[in-house]
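# Reading the structure
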Amino acid sequence: MSDTPPPVLPPAPTPGPARSGCLTALMAIAGIFMLLPGVCALLFGGVSMFEDGKIAGDIAPFVLLGLVVGIGGVAMIWAAIKGRRVPAHPPTQP
């Protein structure tokens, strides 16, 4: 009878360098500050729509800009909480 050696398993991937807690906190704080223009845009846009039934033309660009900055704040908070994803397997070289 012949004994076959067990198959050689590839080495387990090593995790990448961890992000510091200070960077995560700074990203979350910056994201919270970026939410403030979004809240103001919702407030002023809502008041404008309540009074006239539509957003006034002179305030519409500011409302849009505030909403974009607020969405950026949500994305920054999400990125700070979620963190960077490490690939499951390192790329193989031919």
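The coordinates are above.
Throughout what follows, the structure given in this document is the object of discussion. (Residues numbered from 1 in each chain as written. Predicted model: local features only at pLDDT ≥ 70, side-chain atom pairs only at ≥ 80, totals over all residues. Heavy atoms only, no water.)

Each helix and strand in the protein was counted, giving two helices and zero strands. A burial count over the protein gives 12% of its 94 residues as buried. Residue pairs in contact within the protein that sit at least 24 positions apart in sequence constitute 77% of those at least 6 positions apart. Total accessible area computed for the protein in this model is approximately 8000 Å², and 75% of it derives from carbon and sulfur atoms. (Helix = DSSP H or I, 4+ residues; strand = E, 2+ residues; numbered from the N terminus. Buried < 20%, exposed > 50% of the residue type's maximum accessible area, 1.4 Å probe, protein only. Contact = heavy atoms within 4.5 Å. Areas by Shrake-Rupley, 256 points an atom, 1.4 Å probe, with all protein chains shown as cover.)

Right, let's talk about helix 2 (residues 60-82) for a bit. With 23 residues, helix 2 should reach 33 Å at 1.5 Å per residue; the first-to-last C-alpha distance of 33 Å fits that figure. Among the residues making up helix 2, those that are buried are Val63, Gly66, Gly70, Gly73 and Ala80. Lining the buried residues of helix 2 we find helix 1 (21-52). At the exit of helix 2 stands glycine 83, carrying a positive phi of roughly 85°. (Expected span 1.5 Å × (residues − 1).)

Mapped onto the fold, serine 48 is located in helix 1. In terms of polar contacts, serine 48 uses its side chain to reach the backbone carbonyl oxygen of lysine 54, at 3.4 Å. Not counting residues within four places of it along the chain, the set of residues in contact with serine 48 comprises Gly53, Lys54, Ile55, Ala56 and Ile59. (Polar contact = N/O pair within 3.5 Å; in protein donor to acceptor, adjacent residues only side chain to side chain.)

In contact at an axis separation of 7 Å, helix 1 and helix 2 are set at 150° when each is read in the N-to-C sense. Classed by the angle they form, the pair helix 1 and helix 2 counts as roughly antiparallel. Where helix 1 crosses over helix 2, the two elements pack in a sense that is left-handed. By residue class, the composition of the contact of helix 1 with helix 2 is 17 nonpolar, eight polar and no charged. (Axes fitted to C-alpha atoms, helices over the stretch in contact; angles between N-to-C directions. Parallel < 35°, antiparallel > 145°, perpendicular 65-115°, else oblique. Left-handed = near helix turned anticlockwise from the far one by under 90°. Nonpolar A, V, L, I, M, F, W, Y, C, P; charged D, E, K, R; others polar.)

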